[in-house]
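Below are the chains, spelled out letter by letter.
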Amino acid sequence: MEINETVKRGSAELWLNVAYEALLENGVDAVKISPLAAKLNLSRTSFYWFFRDREELLEALVSLWRQKNTGNVIKQAEAYAETIREAVLNVFDCWLDTNLFDSQFEFAIRSWGLQSSYILSEVQQADDLRIAALTRMFQHFGYSETSAEVRAQSIYLVQIGYITRQTREKTAERMERIPSYLEIFTGKKATQRELDRFFARHGYKCKK
């Protein structure tokens, strides 16, 4: 497509980004073609160069959420770690790095699920996949099936609670709680080296 045509019509990514913003700001009812076109200063008809209809755009949003949030929780749960504590800290990266896990997006999708049985089923499937990955992570380090599943659910449901309650917590406050969370979730106390490596990759200097 020539540059002037791109300017006239936008792009699939541009339409998806503005739909994402509308979803986060005002919910799924705000994701409508005409208002989005107005935000982009494009014609309504330009939308149809990239999506068949509104439903296809909504499905693209769900796909984006699925790939980013669920995909990265599973990826982090399967990442290399020498100890279960390091493995859990890999997962904790998701809760602190929006490039890995978008909590606002998660909240918006879960809110949408209250209006749509289809989205609710997508959320439930995502929950199952994420918890299964966390369970496998614990089992890899020798935990029994029951213990692994209980610990996986504990980690996951605590974070979902943070999201659904729209918890606002200072970085320093949350970081100071990390050692306690680790010990509760794993039954093992983290070494200072494990904590220092985790803090360093998030740019946090621990008070000693």
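Numbering of residues starts from 1 in every chain and runs along the sequence as written. Residue-level local features of this predicted model are given only where pLDDT is at least 70; pairs of side-chain atoms are given and counted only at 80 or more, and the full residue set underlies all totals for whole chains, interfaces and linings. To obtain the side-chain values, all non-hydrogen atoms of the structure were used and water was disregarded.

Draft legend 1. The arrangement of the pattern of salt bridges in detail. The term salt bridge refers to a side-chain nitrogen of Lys or Arg lying within 4 Å of a carboxyl oxygen of Asp or Glu. What the rule picks out here adds up to 15 salt bridges. Taking the shortest distance from any N to any O, the salt bridge between Asp-93 and Arg-201 comes out at 3.0 Å. Placement of the pair is Asp-93 in helix α5 (residues 84-96) and Arg-201 in helix α10 (residues 192-201), with a sequence separation of 108 residues. The rule is simple: take the accessible area with a 1.4 Å probe, protein chains only, and divide by the maximum for that residue type; under 20% is buried, over 50% is exposed, in between is partly exposed. Arg-201 gets classed as partly exposed once you look at its relative accessible area, which sits at 40%. To qualify as a helix, a DSSP run of H or I must reach at least 4 residues; to qualify as a strand, a run of E must reach at least 2; elements of each kind are numbered from the N terminus.

Draft legend 2. Broad picture of the packing of helix α4 (residues 54-77) against helix α7 (residues 117-140). Orientation of α4 relative to α7, taken along the N-to-C sense of each, is 10 degrees, at an axis distance of 9 Å. As judged from the angle between their axes, α4 and α7 are roughly parallel. Crossing of α4 over α7 shows right-handed handedness. In this structure, α4 uses Glu-59, Val-62, Trp-65, Arg-66, Asn-69, Thr-70, Val-73, Ile-74 and Ala-77 to contact α7, whose residues at the interface are Tyr-118, Ile-119, Glu-122, Val-123, Ala-126, Leu-129, Arg-130, Ala-133, Leu-134 and Met-137. Of the residues assigned to the contact of α4 with α7, the class counts are 13 nonpolar, two polar and four charged. Helix axes are fitted to C-alpha atoms over the stretch in contact, other axes to C-alpha atoms as well, and angles between N-to-C directions run from 0 to 180 degrees. Note on angle classes: values under 35 degrees are labelled roughly parallel, values over 145 roughly antiparallel, values of 65 to 115 roughly perpendicular, and the remainder oblique. In this scheme, a crossing is called left-handed if the near helix is turned counterclockwise away from the far one by less than a right angle; it is called right-handed if the turn is clockwise. Contacts between residues were defined by any pair of non-hydrogen atoms, one from each residue, lying within 4.5 Å. Residues are grouped as follows: Ala, Val, Leu, Ile, Met, Phe, Trp, Tyr, Cys and Pro are nonpolar; Asp, Glu, Lys and Arg are charged; all remaining types, including Gly, are polar.

Draft legend 3. Region of interest: the packing of aromatic side chains. The aromatic pairing rule takes the rings of Phe, Tyr and Trp, using the six-membered ring of Trp, and pairs them if the centres are within 6.5 Å, calling planes under 30 degrees apart stacked, those over 60 edge-to-face and the rest tilted. Evaluated as defined, the whole model comprises 10 aromatic pairs. Taken together, a centroid distance of 5.4 Å and an interplanar angle of 25 degrees make the contact between Phe-47 and Phe-51 stacked. Its relative accessible area of 0% is what places Phe-47 among the buried residues. On the accessibility criterion, Phe-51 (7% relative accessible area) is buried. Aromatic side chains Phe-199 and Tyr-204 sit 5.2 Å apart centroid to centroid with 70 degrees between the ring planes, which places their arrangement in the edge-to-face category. Here Phe-199 matches Tyr-204 in class, with each residue buried. Put simply, the rings of Trp-15, Phe-47, Tyr-48 and Phe-51 pair up and form one aromatic cluster.

Shape is all these values report; function is a separate question.
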